[in-house]
Amino acid sequence: YMKTGRSFVALKYAMTLDGKIATVSGDSKWITGVKARTYAHRLRSWYDAILVGRETVAQDDPSLTVRLVEGKNPLRIILDSKASLPLERKVFTDGAADTLLVVTPQALQEKVRAFADLPGVSVLTAAERDGHVDLSDLLQQLAKKDVTSVLVEGGSDIHGAFFDAGLVERVYAFIAPSLIGGNKSRPAIGGQGASTMEQKVTLQEVTTLPLEPDLLVTG
């Protein structure tokens, strides 16, 4: 944050041994056990904000709070380029924490105003890149709002976008001793990925933490 002028980004996900975060139907509850999920909520309390994409909110309707532990709820950041989500989702209505909806100039202004009128909800317009939110621009705008750190808990596409853009500084990978299989099941990180093994990203300063029956790998 201090060196780059943008928010520090950590990627957090729970996956099976074969690297899946959801089945082909999108079912993901629950990959890990109670200990791992409780620790994940503790992670949320350490970060200024938690970020997910439109699909996560549309499919799971999550609260994105720290309800399993004591601590502060992070700012909830939702990426929705066209402001197409329903206004009735929990993150916009439960009042548990503030929510920032991130859109691009292509969003319908009438819908944007409707979101901005909701209590505890604000809207930020970020630059557009290839039809999606320009993540670098977003992180710079967040830094100006004193959001020093962001925990990304989005789906495969959001993870891949941050990964491809080289914006991830830390990874929290919760690994469950289970298998889903399937070519069309959701991988932990989508996007373009590395084209050669020389381009693969290797974590540094790696630590592991048993959270029976699961394992947390951090680096």
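Note that residues are indexed from 1 along each chain, following the sequence as it is written. Only residues with pLDDT of at least 70 are given local features in this predicted model, and only at 80 or more are side-chain atom pairs given and counted; all residues enter the totals for whole chains, interfaces and linings. Heavy atoms from the whole structure form the basis of all side-chain values; hydrogens and water molecules are not counted.

1. What to know about the nonpolar core
Cut-off, in case you're wondering: Put simply, buried Ala, Val, Leu, Ile, Met, Phe, Trp, Tyr and Cys residues joined by side-chain atoms within 4.5 Å make one nonpolar core. Accessible area is worked out with a 1.4 Å probe on protein chains only. A residue is then buried under 20% of its type maximum, exposed over 50%, and partly exposed in between. Starting at the N terminus, helices and strands are each numbered in turn, a helix being any DSSP run of H or I of at least four residues and a strand any DSSP run of E of at least two.
Judged by nonpolar contacts, the single largest core of 29 residues is most densely connected at Leu51, Val102 and Phe162. Counting only elements with at least two residues in this core, the list comes to β1 (8-15), β3 (49-53), β4 (75-79), β5 (99-103), α5 (135-144), β9 (149-152), α6 (156-164) and β10 (170-175).

2. Examining the environment of Glu88
One can find Glu88 in the loop between β4 and α3 (90-93). Spatially, the C-alpha atoms of Glu88 and Gly131 are 25 Å apart, while their sequence positions differ by 43 residues.

3. Structural notes on empty space enclosed by the protein
We count it as follows: Grid points spaced at 1 Å and placed over the protein atoms alone form the basis of the search, with a cavity being a set where a 1.4 Å probe fits but cannot get out and a pocket an open set showing protein on both sides within 12 Å along at least five of seven lines. Lining residues have an atom within 4 Å of a point. Grid points are joined across faces, edges and corners, and a volume is the space filled by probe spheres set on the points. Under the scheme applied here, ten amino acids are nonpolar (Ala, Val, Leu, Ile, Met, Phe, Trp, Tyr, Cys and Pro), four are charged (Asp, Glu, Lys and Arg), and all others, including Gly, are polar.
Taken as a whole, this structure holds one cavity of 30 Å³ or more when the rule is applied. Considering only enclosed or pocket space, the largest cavity measures out at about 30 Å³ in volume. In terms of lining, the largest cavity is formed by Arg76, Val91, Phe92, Thr93, Asp94, Gly95, Ala97, Thr99, Pro119, Gly120 and Val121. Sorting elements by how many residues they give to the lining of the largest cavity places α3 first, with three residues. Taken together, the residues that form the lining of the largest cavity break down as five nonpolar, four polar and two charged.

4. Observations concerning the pairing of β4
The following threshold applies: A clockwise path from the first strand over the helix to the second, with the strands pointing away from the viewer, defines a right-handed crossover. In short, DSSP must find at least two bridges between two strands for them to pair.
When you tally the buried positions in β4, you get four out of five residues, the bulk of the element. Taking the sense of rotation as the criterion, the β-α-β connection linking β3, helix α2 (residues 54-60) and β4 turns out right-handed. Sheet topology places β4 next to β5; four bridges connect them, and they run parallel. Paired with Ile78 across the strands is Leu101, a residue of β5.

5. Thoughts on the layout of surface pockets
In this structure, the second largest pocket encloses a volume near 410 Å³. Lining the second largest pocket are 22 residues, and of these Phe163, Val171, Val201, Thr202 and Leu203 lie nearest its centre. Residue assignment for the lining of the second largest pocket shows that the elements contributing at least two residues are β1 and β10. Ranked by residues supplied to the lining of the second largest pocket, first place goes to β10 with three residues. For the lining of the second largest pocket, the per-class residue count stands at 13 nonpolar, five polar and four charged.

Purely geometric stuff here, so don't read any function into it on its own.
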